[in-house]
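# Understanding the architecture of this molecule
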Amino acid sequence: DTGVSQDPRHKITKRGQNVTFRCDPISEHNRLYWYRQTLGQGPEFLTYFQNEAQLEKSRLLSDRFSAERPKGSFSTLEIQRTEQGDSAMYLCASSADYPETQYFGPGTRLLVL
Amino acid sequence: AQSVAQPEDQVNVAEGNPLTVKCTYSVSGNPYLFWYVQYPNRGLQFLLKYITGDNLVKGSYGFEAEFNKSQTSFHLKKPSALVSDSALYFCAPRDTGFQKLVFGTGTRLLVSP
């Protein structure tokens, strides 16, 4: 399978715990994006990497959120001290420089109890 | 600032009939425009995009969309709907110079047999 993959697909955690999600982009894509989708809403942009550089970051990405892409390949999104409001689907997408179509992974569904 | 409006929360159409899902957008520069489809508990699948060129864009699964600059619209169309087209559809503009896609709440398409 050459699509975007995300792990885990589902995560249940207790409020206050830290969680980390992983995204593996399509292999030849150097751009990687994170979005969050809550129930009944469309995805909201969180952050964007070009290779290992984090170039755009939404104000939605509070201090409790951190994303990395250390070698320009896979990326991790960590949420510290989770809150119930963090419950959402976290989507990762990747694209090439051209064409710039973003291809999405299946998402990680987070439930904070 | 970028914004998007899909005025219909739901579109109902009978199988075999043509369908239209409406989208209007606002960007400050030249728009890149995308349509994605989302099936329950899944990520987003790319359908088609407009970057430049012909105003009528053809995409996956028989879908097409017409870019209208004066009306700032990018309506999604299909000549003959299938029951399997039933899903949530998102129009997502992207402003040149930025990487983030902006999503609205989407339009649910329901195709009845």
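Below is a short write-up of the structure. (Residues numbered from 1 in each chain as written. Chains lettered and ligands numbered in written order. Predicted model: local features only at pLDDT ≥ 70, side-chain atom pairs only at ≥ 80, totals over all residues. Heavy atoms only, no water.)

### With respect to the pattern of salt bridges
- Counting across every chain of the model gives nine salt bridges over all chains.
- Among the ionic pairs, D24(A) bridges to R22(A), the shortest N-O distance being 2.7 Å.
- Residue class for R22(A) comes out partly exposed when judged on its relative accessible area of 34%.
- Between R31(A) and D97(A) there is a salt bridge, and its shortest N-O distance comes to 2.9 Å. Of the two residues, R31(A) is situated in strand β4 (residues 31-37) and D97(A) in the loop between β9 (88-95) and β10 (103-104); the sequence distance between them amounts to 66 residues.
- A network of salt bridges, in which partner residues are shared, links R31(A), D97(A), E100(A) and R94(B). (Salt bridge = Lys/Arg side-chain N within 4 Å of Asp/Glu carboxyl O. Buried < 20%, exposed > 50% of the residue type's maximum accessible area, 1.4 Å probe, protein only. Helix = DSSP H or I, 4+ residues; strand = E, 2+ residues; numbered from the N terminus.)

### Some thoughts on the interface of chain A and chain B
- In this assembly, 23 residues from chain A lie in contact with 20 residues from chain B.
- Between chain A and chain B the total buried area reaches about 1,600 Å² when both faces are included, carbon and sulfur atoms providing 52% of it.
- Taken as a group, P43(A), E100(A) and F104(A) account for 27% of the area that chain A buries against chain B, more than any other trio of residues on that side.
- Where chain A packs against chain B, one counts one salt bridge.
- Residue R94(B) is joined to E100(A) by a salt bridge in which the shortest nitrogen-to-oxygen separation is 2.7 Å.
- Linking chain A to chain B there are ten residue pairs in polar contact (both at pLDDT 80 or more).
- Only β4, β5 (44-50), β9 and β10 of chain A provide two or more residues apiece to the side of chain A that touches chain B.
- Across the side of chain A that touches chain B, the residue classes tally to eleven nonpolar, seven polar and five charged. (Contact = heavy atoms within 4.5 Å. Buried area = accessible area lost by both parts, 1.4 Å probe. Polar contact = N/O pair within 3.5 Å; in protein donor to acceptor, adjacent residues only side chain to side chain. Nonpolar A, V, L, I, M, F, W, Y, C, P; charged D, E, K, R; others polar.)

### Quick look at the state of the cysteines
- Tallying each qualifying case throughout the model produces two disulfides over all chains.
- Through a disulfide, C23(A) is tied to C92(A); the S-S separation comes to 1.8 Å. Every disulfide takes its handedness from the sign of the S-S torsion; for C23(A) and C92(A) that torsion is -70°, giving left-handed. On the criterion of sequence distance, the pair formed by C23(A) in strand β3 (residues 19-24) and C92(A) in strand β9 is long-range, its members being 69 residues apart. Across the pair, C92(A) and C23(A) agree in class, each one buried.
- Between C23(B) and C91(B) runs a disulfide, and the two sulfur atoms are separated by 2.0 Å. Here the disulfide of C23(B) and C91(B) is left-handed, its torsion about the S-S bond being about -55°. (Disulfide = S-S within 2.5 Å.)

### Considerations on the layout of surface pockets
- In this structure, the largest pocket spans a volume of roughly 370 Å³.
- Elements that contribute at least two residues to the lining of the largest pocket include exactly β5 and β6 (53-57) of chain A.
- Class assignment for the residues of the lining of the largest pocket results in seven nonpolar, five polar and five charged.
- In this structure, the second largest pocket spans a volume of roughly 310 Å³.
- Taken together, 16 residues line the second largest pocket, and the ones lying closest to its centre are Q37(A), L39(A), G40(A), Q38(B) and L88(B).
- Looking at side-chain class alone, the lining of the second largest pocket contains six nonpolar, seven polar and three charged residues. (1 Å grid on protein atoms, 1.4 Å probe; cavity = no way out; pocket = protein on both sides within 12 Å on 5 of 7 lines; lining within 4 Å. Points joined across faces, edges and corners; volume = space filled by probe spheres on them.)

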